[in-house]
Structures are given as C-alpha cells and as structure tokens.
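Commentary on secondary and tertiary structure
This is what each chain is made of:
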Amino acid sequence: MAAKPYYITTPIYYPSGNPHIGHCYTTVACDSIARYRRMQGYDVMFLTGTDEHGLKIEQKAAEKGVTPKEYVDEIVTTFKKLWQYMNISYDRYIRTTDDYHIETVQKIFKELYDKGYIYKGEYKGKYCTPCESFWTDSQLVDGKCPECGREVIEAKEEAYFFKMSPFADRITHLLTETDYLQPKTRATELVNNFIKPGLEDLCVSRTSFKWGIPVTFDPNHVVYVWVDALSNYISALGYYNDTYHDYDHYWPADVHMVAKDIMRFHAIIWPAILMALDQPLPKHLAVHGWITFNGQKMSKSLGNVVDPFVLGERYGADAIRYHILREMALGSDSSFSNEVLITRINADLANGLGNLVSRTVAMVDKYFDGTLPEEREAGEFDDDLIAAATALRDKVDHFIDQTQLNNALAEIFKVVSRANKYIDETAPWVLAKDESKKARLATVLYNLLDTIRIVSTLLSAFMPTTMPKVWEQIGAGVSERTYDAAATFGVLPANVTIQKGEILFPRIDVEKEIEALNAIIQNNEPQKPAEETAPVAELAPEISIDDFAKVDLRIAKVLECEKVKKSKKLLKLQLDDGMGGRQVVSGIAQWYKPEDLIGKKIILVANLKPAKLCGVESNGMICAADAPDGSAKVIFPDQALPCGAKIR
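Residues numbered from 1 in each chain as written. Predicted model: local features only at pLDDT ≥ 70, side-chain atom pairs only at ≥ 80, totals over all residues. Heavy atoms only, no water.

Some points on the overall build of the protein chain
Keep this limit in mind: Segments assigned H or I by DSSP are reported as helices when at least four residues long, segments assigned E as strands when at least two residues long, and all are numbered from the N terminus. The quantity called the radius of gyration is restricted to C-alpha atoms. Its globule counterpart is 2.2 Å times the number of residues to the power 0.38. Note on exposure labels: buried denotes an accessible area under 20% of the residue type's maximum, exposed denotes more than 50%, and partly exposed covers the range between, all computed with a 1.4 Å probe on protein chains only. Throughout, a contact is declared for two residues whenever any of their heavy atoms are within 4.5 Å. Under the convention used here, a 1.4 Å probe and the Shrake-Rupley method define accessible areas, while residue burial counts only the protein chains that appear. Working convention for charge: Lys and Arg count positive, Asp and Glu count negative, and His plus the chain ends are omitted. Working definition for charges: the position is that of NZ of Lys, CZ of Arg, CG of Asp or CD of Glu.
A tally of helices and strands in the protein chain yields 22 helices and 25 strands. Over its C-alpha trace the protein chain gives a radius of gyration of 27 Å, about what one expects of a compact globule, namely 26 Å for 648 residues. Looking at the 648 residues of the protein chain, the share that counts as buried comes to 55%. Partitioning the intrachain contacts of the protein chain with sequence separation of at least 6 by distance along the chain shows that 75% fall at a separation of at least 24. Put simply, the protein chain shows about 28600 Å² of open surface, and 50% of that area lies on carbon and sulfur atoms. Side chains of the protein chain carry 74 positive and 89 negative charges; the gap between the two charge centres is 3 Å.

Considering the sheet that holds strand 3 (residues 92-95)
Selection criterion: One bridge is not enough; two strands pair if DSSP finds at least two bridges between them. Helix axes are fitted only over the stretch in contact, all axes being lines through C-alpha atoms; the angle between N-to-C directions runs from 0 to 180 degrees.
Sheet architecture is open: six strands sit in the order 3-2-1-11-12-7, paired in parallel fashion. Two strands lie at the open edges of the sheet, namely strand 3 and strand 7 (181-182), each paired on one side alone. Where helix 3 (residues 68-85) meets the sheet, its contacts fall on strand 1 (5-13), strand 2 (43-50) and strand 3, and the angle it forms with strand 3 comes to roughly 160°.

Some details on the packing of helix 16 (residues 405-426) against helix 18 (residues 438-459)
Selection rule: Reported orientations rely on four angle classes, namely roughly parallel under 35 degrees, roughly antiparallel over 145, roughly perpendicular from 65 to 115, and oblique for the rest. Helix crossings get a hand from a simple test, with the near helix turned counterclockwise from the far one by less than a right angle marking a left-handed crossing and a clockwise turn marking a right-handed one. Nonpolar residues are Ala, Val, Leu, Ile, Met, Phe, Trp, Tyr, Cys and Pro. Charged residues are Asp, Glu, Lys and Arg, and all others, Gly as well, are polar.
In the contact formed by helix 16 and helix 18, the axes pass within 10 Å of each other and the chain directions differ by 170°. With respect to helix 18, the axis of helix 16 lies roughly antiparallel. Both helix 16 and helix 18 take part in a crossing whose hand is left-handed. Touching Leu-409, Ile-412, Phe-413, Val-415, Val-416, Ala-419, Tyr-422, Ile-423 and Thr-426 of helix 16 are Arg-440, Val-444, Asn-447, Leu-448, Thr-451, Val-455, Leu-458 and Leu-459, all from helix 18. Looking at side-chain class alone, the contact of helix 16 with helix 18 contains 13 nonpolar, three polar and one charged residues.

With respect to unusual backbone geometry
The step from Gln-182 to Pro-183 runs through a cis peptide bond, and the omega angle for that step is -5°. As for its position among the elements, Pro-183 is in the loop between strand 7 and helix 6 (185-195). Unlike most non-glycine residues, Ala-427 shows phi in positive territory, near 50°. Following the sequence through the fold, Ala-427 ends up in the loop between helix 16 and helix 17 (428-431).

Digging into the environment of Gly-65
You can see Gly-65 is positioned in the loop between helix 2 (55-64) and helix 3. The class of Gly-65 is exposed, set by a relative accessible area of 65%. Gly-65 sits 195 residues away from Lys-260 along the chain, and the two C-alpha atoms are 33 Å apart.

Structure representation (structure tokens):
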C-alpha cells in the first residue's frame, strides 16, 4: 500500500536581512513535525523558501548598490546555511524569483481577472513599506501600522483589486465552524476585525516600483507581494507550471504554519484566492506567536536580534532546537532570555536526559563490563516505569496532531524524570554489592536502557543530531528505534551491549554564560533615547519587614484567559497557583490579548482579599510594571520556576 501523503509548509521568509533566532521557530517546528510524520510512514513534502519581491527589497538593494536579485541571492545563501546548520530536512526550497513560480503567479492573476474577481481601480490609503501591507485608517493604531508600529505613508496609484466580499460567509464558516485555524481562539479576533466591518477588496498590484512579477496583460503593473507569496504553496507542487508534477498528490496542505503577524493573509486572503480558483483549501493553519526579547518582537531594525549561529556554536543546534520548541506554546509569544535558555539546557538536557543516559551506560559498563546478562528478576517500581514508557508514543502523537510541540516534549521529559526517579528508587549501586541480586540489577539497567530507547526514538524528530549518539551508547540497532518499536517495551536484546560515549549535554556555568551572552546581545542593541525612560514614580511610605511579610507573592501559570463581558479593560484569568487553582481578574485588556498570556508564568499576589469586578470574582492580583508609554507590562518571571513557588 502506498504511503499516505503529508504536506507541511513554513511561510516563505522575507530576506530583507540575515535570519535570527526569531526565524528559527517555524522552521524547526515544521521540521520536527515532518520528521515525525516520516517516522510514522507518511510520504512527506516539507516546503520552505524565501519571498523575494517588493519595494523594501528594491530599496535595500539600492542602498547597497547592487541589483535586487544580487541582494536576495546573498541573503538566501545565509538562510540556507542556517537551515543546514539547524539540521532542517526540507524537501523543496522555493524562491519567488524562480521562473516556474513566476509563470504560476502570472497564470493565477490572469485566471482571476478573466473570472471577474480582479478589476482595475485606483488605490488611496495607508501603506507600510516594511510589512508590504495596505491599511485603512480604522485599522491603524495611533496612526501607525498595527503590525510593526512603524510610520505609514499615503499611497495613491492605479491598481488592480481582488474582490473579497463574495467569500466573506465561506471564510467566516471556515474560521468559526471548522478546525482550520489552530488555535481557534484567534478566529473571533479575525472575524470581528476584518470580516464583520465589511471585507474590503484587496489591492493586488503596484505601479510605483518594478521589483515584482509583471502582470502579463498590463506590464506597467507588478503583482502585489502577498498574491505572489501565497501562491508559492501550490506553485512549488507544479500548479500551472511543468517544473513539478505532484500537486494532485500533495494538495491540499495538511499544515501551513505561520507567525501571528501574517495570520490575516493566510486565514482570509489565501482561502479567498483558492475559493476563486475553485481549488481545495488547506486542512490546517497553525498560528504561533513571536519569540520576543525584553517584551519586543525580535527585529533587525530594533537591534534586538539573537544570532542562532552564535547560540548554536556555544550549545549545539539540538539544544537550541529543544529550547525554542519547549518554550513556545502554540498561539502565545515566547520570551527569550539568557537565564531561561541556560536553565532549560541545564535542567532538562544536562541534568535530565544527559544524566539519565550517562548514569545508565556507566552502570552497565561498571557492573557488567558493558554487556547485560540475560537472567531477570522483576521488582517494585518496574511496572510504573514500563507503563509510562509504553504510553508515551500515543501522548506524543496526540500533541503532534494538535501542533502543540511544547506539550509533546513535556510528555517525553516526564518519562525522562520518571526514569531518573526509578534509579533513585531501585538504587543499583546497592544491588551491585549483593551477588544474589545480579539478575535484579540487570533488570533495572535493562528497563532504563529500553526506556531511553523509546524516549530517544520519539525525540529524534526534535533533536536529530544527538539521538544517534544516544542509540550508539545504549546499543540500539536500526530495527529497535522505529516508530512501531517505540510503542513496545522489551525490544532491546536481553544481552544488549552498550558503548560509553561523550557527555551529550555538558552542564553550563550559569553566571559566566549569562555574562557572555549579555555582552553579545548588548553589542547588537542600540541605546534607547532618554525620552523612552519611564518616569520614576514617587515612593510609597516606608514599611517594615513585617509589613512586607504580609504580602504573599507566588509563581502561577495562566491556563485560560478571556475578556470580561461588559468591560473593555478586564481580563479573566484561570491560574495554576500550585494550590488547586484560582480565578483572577486583571485590568490589562487594553494591552494584552488573552492568547498573549495563556501558557505564561506570572507573579501573583496570592493573599489579596477577594473582590468582585464587573460582577466577576477575583481572588488575587497579577503584578505588572508601568511602561514609558503609560501602558502596563505584566512581569513574566523565569518560566522554569514551579507554580506555587513563593517569592521573597
């Protein structure tokens, strides 16, 4: 029977500057899913690439004194080097400057024109050059681009428009009544902001610059970048071109994964184009947040980028892959900090997985000269470990299906923790002193090796460089590290032979590393102007240590969050406070959307007297700071701290 096709895509990245760690999440996430699907036996097509047209590229090239093509060629080389370094297993790399893609886009534009969906008019409105986006006055925030916060310009030019209104009802149904959008919490936001006010026709051509795909029947116009870019998902499969011939095999896509700033284009505009072409719609659109630094989206222009080559050089590509996947909850932003990165590497990889492998292999080597005897003796704690290991694959499958990779990794590392606990429970070093307990000792060590086999098989999709080293150390052959074998315990040979190897994840000196990374980042970060400094609030009256001791501050995690009805300012949060959970109401709705907070750790005033706000009970308060612009910024503590931890 032929393998079932599976098609997954990243967005195509805009090469206006070199890639940074913020670019890595989507690509690493898609790569991990693609690897997992291949392991499951799917016929996978994993597509990534670069979106190389538009005014911004034209301007950047002019600044450097090169042609736009020369400019993008150089940047694309760096992107490809990064994906090679991060062990990205893409099957196809598309560039919008590829001849076959240009052919497809021109034919799509002509078909939509011939069908009456595209017409000529005049565009007047606001345009954000960095985002390549047109906006209405009502969509601007404080007169600036709602996506990047930069200044917009008045634009007036002859243009072609794509009729969006015929598809409003179908798109509303797609977003609200199907599981197309993940997480679905974003659907209401899109419908309320873009569809209910009236779905405006989309400007799909420009005449004010030349770096784009010419409209075949009106060469003064170039195709607007988003029609150009979005079409890559089907041009890469051979739609309307003869370079590839697998459109019927792979389309519709199983997953388009994008960051939230381009969600609107993929959730509304792309489905509308496909509807107009009478083509099937993608099955899922997975939307993730940004990797932020000091609360800001990573951006070359802001100077707050973190170079993935630098991080990878220090810790290895797999440690970086693991960290960004483990920290990012689908739909939420993930705050990058040196402390969280190093804490995560030390806690999960060095002390957790690395320690489990090295301890187990070292004990097999020490007590049995590297080869286990076949005699066995079952004992206490075995069944619990075996049950956790054999149940793991189904749990990981579930979260892969939901594109919740952080939760998949969390399940894997629960079993890692269980195995480390099993070592403490069974105390192999004590068993080794009693000759009559050799069979029991061999059983304990075999159980550990086979648990590591299951864990490392499932982890190989996420950390593909390191897991082969684990397999070599534990003596796992090719047939023993398959997807099918990961659901069964006892697959390793009874007389398995181990091979001691290098330490997988050396423990990091926290203070030295933080100092080194801060120096690297500060070299890239521009000084903020003085006017951005927050005004210092007047100090409250002095209190004694006894007064302070009355305030009980705890770490809590936001499990659910929603707006309070009849209030523009209030959010209702359900928290895991380590004490059974609680509900808190906070007046931060004007600065935070619910999805920005879900999955984050916050600081909770836990012993505040309960109160009702707009009729909703609040049992505590979350801590926030005054920002220079007058907004409130929630304080996000070290995300590795446990819920319920007391702050003192």
